[in-house]
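Spelled out, the chains give:
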Amino acid sequence: MDAIRKQATKLREQVAKQQQAVFKQFGGGIYGGSDNFVSDETELQQHQKLEKLYMSTRAAKHFQRDIVRGVEGYIVTGSKQVEIGTKLSEDSRKYGVENTCTNGNTLSKAALSFARAHGQMEKERGNLLKALGTQVAEPLRAMVMGAPLEDARHLAQRYDRMQQEAEAQAIEVSKRQVKVRESAGNIDNASKLEAAEAKLQDLRSNMATLGKEAVASMAAVEAQQQRLTLQRLIALVESERFYHQRVLQILDQLEGEMVSERQRIEASPNVAVDNSMPPPPSYEEVNGGFIAQTYDGPTDSVGYFLGEVTHSYQAESDVELNLSVGDYVVVRKVSNNGWAEGECMGKAGWFPFGYIERRERVLASKVAEVF
């Protein structure tokens, strides 16, 4: 009889171990890397909710980290682009300032416009990179490394460990129950069973309380992750949109300036002295001065004014004056036959009056070049 009882006890223990193996294989949670014992429907629901929250917050954390890495890489690459663009802008500005081309200053003007525009664009790019760093990367990095997420994860892991302890205690209670049935009336076994059951009940009560706290903490973190990540993505899009709008405005203005200058050049007449145009007067013929019929506008007290050369002119005689586009001429006399007399670069002579345009305001440096 005793042998049969002992064999039955062994069989019960084997069944208990097999049940435990099944719990470990199919009832385990993923957070904390532990197995979990679920005793009733309430605990099961709480366990499943905490498991989903853990997975959700972990995925959001990885997404935030991906955004931070992407933005940081964009900042590094963008900083190099700012450096290259700034160098190009400076080289263009240098050419525009130092150009001494005798065939006009059209390219110099274009180079200066290009330099100004690209300087503005690189400034806007720098502002974009700064905004991405302070408004996107830093807040997300702070949340990834912040205490709320770690505290919630610790609570979930504590809940997981307490589930393991409750699982082990449930096995202990099962063993005590077997012993009590086998030795009916044994006070010591009954007392140990009662203590084991009390401990299991206490563990389950504490586990329920801790589970609610962990669920609340993880839910709060999840809501914060969702809200903050969306806000930072919107800030990223708005920063990029504003940057591209500003760059488009700058490029539109630059293109307009360059196209306008090109059209002006292409529309200019093929200026050459017409065969029917009389030769310039000799100085002997102008002792009494000339009537400026081809110029309508005020002059200073001596009748002089400054003109900017709009078309180059190659002198064909000693009394004529060479002109280059962009030069400034002090016009002293204007003939009624289409010629004007003046001084440029220290030389005096005649030139077609239609090759210049009067200028009311001229930089002092340009006036100095005339003489």
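These lines cover the structure that appears in this document, whether it is placed above or below. (Residues numbered from 1 in each chain as written. Predicted model: local features only at pLDDT ≥ 70, side-chain atom pairs only at ≥ 80, totals over all residues. Heavy atoms only, no water.)

**Notes on the environment of Leu112**
Part 1 of the argument: Mapped onto the elements, Leu112 comes out in helix H3 (residues 106–144).
Part 2 of the argument: When the C-alpha atoms of Leu112 and Ser89 are compared, they prove to be 8.7 Å apart, with 23 residues separating the residues in sequence.
Part 3 of the argument: When neighbours within four sequence positions are excluded, Leu112 is seen to be in contact with Arg93, Gly96 and Val97. (Helix = DSSP H or I, 4+ residues; strand = E, 2+ residues; numbered from the N terminus. Contact = heavy atoms within 4.5 Å.)

**Remarks on the pattern of salt bridges**
Note that side chains of opposite charge can pair when their charged atoms are close.
Part 1 of the argument: Evaluation of the coordinates by the stated rule reveals 14 salt bridges.
Part 2 of the argument: For Arg332, the salt bridge identified is with Glu343, shortest N-O distance 3.6 Å. In this pair, Arg332 sits in strand E2 (residues 328–334) while Glu343 sits in strand E3 (residues 339–344), placing the two residues 11 residues apart along the sequence.
Part 3 of the argument: Arg332 gets classed as partly exposed once you look at its relative accessible area, which sits at 25%. (Salt bridge = Lys/Arg side-chain N within 4 Å of Asp/Glu carboxyl O. Buried < 20%, exposed > 50% of the residue type's maximum accessible area, 1.4 Å probe, protein only.)

**So, the sheet that holds strand E1 (residues 305–309)**
Across a sheet, paired strands are connected by hydrogen bonds in the backbone, their directions being either parallel or antiparallel.
Part 1 of the argument: Pairing is antiparallel in the open sheet, where five strands are placed in the order E4-E3-E2-E1-E5. Edge strands, defined here as strands with exactly one partner in the open sheet, are strand E4 (347–352) and strand E5 (356–358). Going across the sheet, the axis of each strand differs from the next one's by a mean of 45 degrees, ignoring polarity.
Part 2 of the argument: When E1 meets E5, the two strands line up antiparallel, connected through three bridges. The residue bridging Val309 from the neighbouring strand is Ile356, located in E5. (Pairing = 2+ DSSP bridges. Axes fitted to C-alpha atoms, helices over the stretch in contact; angles between N-to-C directions.)

**Observations regarding the packing of helix H2 (residues 41–98) against helix H4 (residues 147–182)**
Part 1 of the argument: Where H2 meets H4, the closest approach of the two axes is 11 Å, and the angle between their N-to-C directions is 145 degrees. In terms of crossing hand, the pair formed by H2 and H4 is left-handed. Residues Glu43, Gln46, His47, Leu50, Tyr54, Thr57, Arg58 and Lys61 of H2 form the contact with H4, whose own contacting residues are Leu149, Glu150, Arg153, Ala156, Gln157, Tyr159 and Gln163.
Part 2 of the argument: Residues belonging to the contact of H2 with H4 are distributed by class as follows: five nonpolar, five polar and five charged. (Left-handed = near helix turned anticlockwise from the far one by under 90°. Nonpolar A, V, L, I, M, F, W, Y, C, P; charged D, E, K, R; others polar.)

**Let's talk about the pairing of E3**
Part 1 of the argument: With five of six residues buried, E3 lies mostly within the body of the structure.
Part 2 of the argument: In this structure, E2 lies alongside E3, joined through four bridges in antiparallel fashion. Its bridge partner being in E3, Val331 is matched across the sheet by Gly342.
Part 3 of the argument: Linkage of E2 to E3, two consecutive antiparallel strands, is achieved through a turn of four residues, within which Gly338 is found at a positive phi near 95 degrees.

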